[in-house]
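Observations on chain architecture
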Amino acid sequence: MSDSADTVIIDYGMGNLRSVEKAVAAVGGRPIVSDDPAVILKGERLILPGVGAFGDAMNNLRQGKLIDAIGEAVESGKPLLGLCLGLQLLFSESEEFGRHEGLNLIPGRVVRFSGQGLRVPHVGWNQVENLKPDPLLKDIPEGSYFYFVHSYCVQPESPDDILSLTDYGGKFCSIACRGKVWGAQFHPEKSQDTGKQLLRNFLAL
Amino acid sequence: MLAKRIIPCLDVRDGRVVKGTHFVNLRDAGDPVETAQRYDAEGADELVFLDITASSDRRDIVTRMVRAVADKVFIPFTVGGGLRTLEDIQSILRAGADKVSLNTSAVEDPNLITVASRYFGSQCIVVAIDARRNPDSDPENPRWEVTTHGGRITTELEAVEWAREVAGRGAGEILLTSMDRDGTQSGYDNLLNRRVSDTVDIPVIASGGCGTLEHIADAFIHGKASAALAASIFHFGNHTIVEAKRELRARGIPVRLVE
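Calculation notes
- Residues numbered from 1 in each chain as written.
- Chains lettered and ligands numbered in written order.
- Predicted model: local features only at pLDDT ≥ 70, side-chain atom pairs only at ≥ 80, totals over all residues.
- Heavy atoms only, no water.
- Helix = DSSP H or I, 4+ residues; strand = E, 2+ residues; numbered from the N terminus.
- Buried < 20%, exposed > 50% of the residue type's maximum accessible area, 1.4 Å probe, protein only.
- Contact = heavy atoms within 4.5 Å.
- Polar contact = N/O pair within 3.5 Å; in protein donor to acceptor, adjacent residues only side chain to side chain.
- Buried area = accessible area lost by both parts, 1.4 Å probe.
- Salt bridge = Lys/Arg side-chain N within 4 Å of Asp/Glu carboxyl O.
- Nonpolar A, V, L, I, M, F, W, Y, C, P; charged D, E, K, R; others polar.

1. Things to note about the environment of D51 of chain B
Residues and elements named next belong to chain B. Counting through the fold element by element, D51 comes out in strand 4 (residues 47-51). On the basis of relative accessibility, which here comes to 6%, the residue D51 falls in the buried class. When the C-alpha positions of D51 and D138 are compared, they lie 35 Å apart, and in sequence the two are 87 residues distant. Beyond its immediate chain neighbours, meaning those up to four positions away, D51 contacts V12, R58, V62, G80 and G81. One polar contact links D51 to R58, side chain to side chain, over a distance of 3.0 Å.

In structure tokens:
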């Protein structure tokens with residue numbers, strides 16, 4: 001790994017990694033995109049991005065021998081930020097296209113949006129209600145808009161793991177946090193200045 | 001609350017933004033990255049690039065443009081025009097686009113929608129439907145025909161039924177253009193927008209006919225659209241996105257206002 005990189009963006013073959021990389025660099029980070037467990041273990045902090053299906057993503061992580069590397073990095077106290085599907089992968093299990101086990105870093109489930117007249121996927125800019133102060137939310141005003149595009153949402157077992165809520169046919173967890181593991185359902189890399197502020201906060205952790 | 005979206009649409013040819021009406025009298029209107037950055041700063045919620053490049057190295061030209069935009073623009077953008085295969089879609093997404101828009105290729109091979117949405121996820125597959133009213137049908141209860149190749153070819157498909165099918169096949173959104181209104185600046189076809197919005201449970205983007213700020217409000221109030229696409233109203237400097245959003249907010253429509 002190049003000596004100058006500080007943030008490892010985990011590449012497991014799914015998603016728009018380029019946008020995450022550019023956004024991290026735009027706020028002063030030194031990102032490296034990697035699928036190498038050794039690089040992941042050397043990083044100061046990790047971002048787990050991703051779009052696509054949960055089961056495919058877990059298979060790719062397993063085949064790339066990335067699950068143990070992520071677990072080990074988290075155990076050693078390195079901050080981890082999951083984005084969109086990356087947030088969902090942090091949970092125990094998902095019901096997308098059958099039942100799949102997740103990384104189980106945050107206890108809870110991933111379920112499909114349901115509700116009368118609700119358009120799924122949930123697409124567009126929606127507001128985030130901060131439940132408690134957290135360094136990830138520094139200088140992000142209450143009710144800020146972020147860009148969402150997803151059909152499934154997370155249900156943490158413990159309310160303590162919910163950092164923010166968003167309303168779409170009922171409130172769902174839009175940011176989860178447990179220890180040094182954070183996950184956001186929205187795309188900060190696509191959420192203009194507010195998204196950049198959140199990434200800047202993550203780099204300062 | 002989920003905000004209603006305003007989406008400027010940029011036509012691009014050979015890696016440059018072009019302006020014109022009905023694909024004629026096209027003139028160069030600038031660099032895609034600069035144009036996209038300006039709309040981003042004004043508070044556009046997303047961008048759509050429709051590529052009309054005709055040359056044989058089209059894919060390389062488009063991919064290069066997508067990469068340049070993705071490097072500088074931190075809002076979502078969709079790329080459409082001439083994407084026919086999974087490889088075409090993949091090269092655009094890999095270059096940094098958030099979504100692709102499929103039109104003619106989806107009509108010719110509906111299975112492409114199924115396969116692409118399963119492979120890349122529904123959230124990045126937009127199906128564009130170019131609909132035209134059959135002039136012989138009842139104006140109160142019109143039949144909309146699906147057209148392809150920029151409106152030149154009329155298919156056997158009926159637009160509302162086709163919308164139902166593409167949603168069932170896993171499309172994440174429908175970009176619904178009224179070919180009767182496109183380029184006229186006389187307002188969206190909100191009967192069409194409402195019929196499709198009532199039929200599918202995925203978001204519908206209204207397109208074709210926007211000429212005033214009131215038209216945008218109407219697409220949300222009367223057309224039940226989730227987003228409104230517009231080109232000339234913003235390109236020719238008649239209005240800014242901020243003005244449009246202020247107007248919508250004054251009418252009680254939820255918007256993300258960047259000021």
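The structure having been displayed, the exposition proceeds.
2. A closer look at the interface of chain B and chain A
Contact residues are listed per partner, giving 38 residues for chain B and 30 residues for chain A. Contact with chain A buries surface across chain B, with L2, F74 and Q123 of chain B losing the most and accounting together for 26% of the total. The tally of links from chain B across to chain A stands at four salt bridges. In this structure, D98 of chain B and K190 of chain A form a salt bridge, with 2.9 Å as the shortest nitrogen-oxygen distance. Summed over the shared surface of chain B and chain A, the number is 19 residue pairs in polar contact (both at pLDDT 80 or more). Per-element tally for the side of chain B that touches chain A: the top contributor is helix 2 (residues 58-72) of chain B, with three residues. Residues of the side of chain B that touches chain A, tallied by class, amount to 19 nonpolar, five polar and 14 charged.

3. A few points about the pattern of salt bridges
With the rule as written, the count across this model stands at 29 salt bridges over all chains. The salt bridge involving R45 of chain A is made with E44 of chain A; its shortest N-O contact spans 3.9 Å. According to the relative accessible area criterion, R45 of chain A is buried, its value standing at 6%. The class of E44 of chain A is partly exposed, set by a relative accessible area of 47%. Here E214 of chain B and R251 of chain B are joined by a salt bridge, their closest N and O atoms 3.9 Å apart. Of this pair, E214 of chain B sits in helix 8 (residues 213-221) while R251 of chain B sits in the segment after helix 10 (241-250), and the two are 37 residues apart along the sequence. Here E214 of chain B falls in the partly exposed class, since its relative accessible area comes to 46%. The exposure class assigned to R251 of chain B is partly exposed, which follows from its relative accessible area of 36%.

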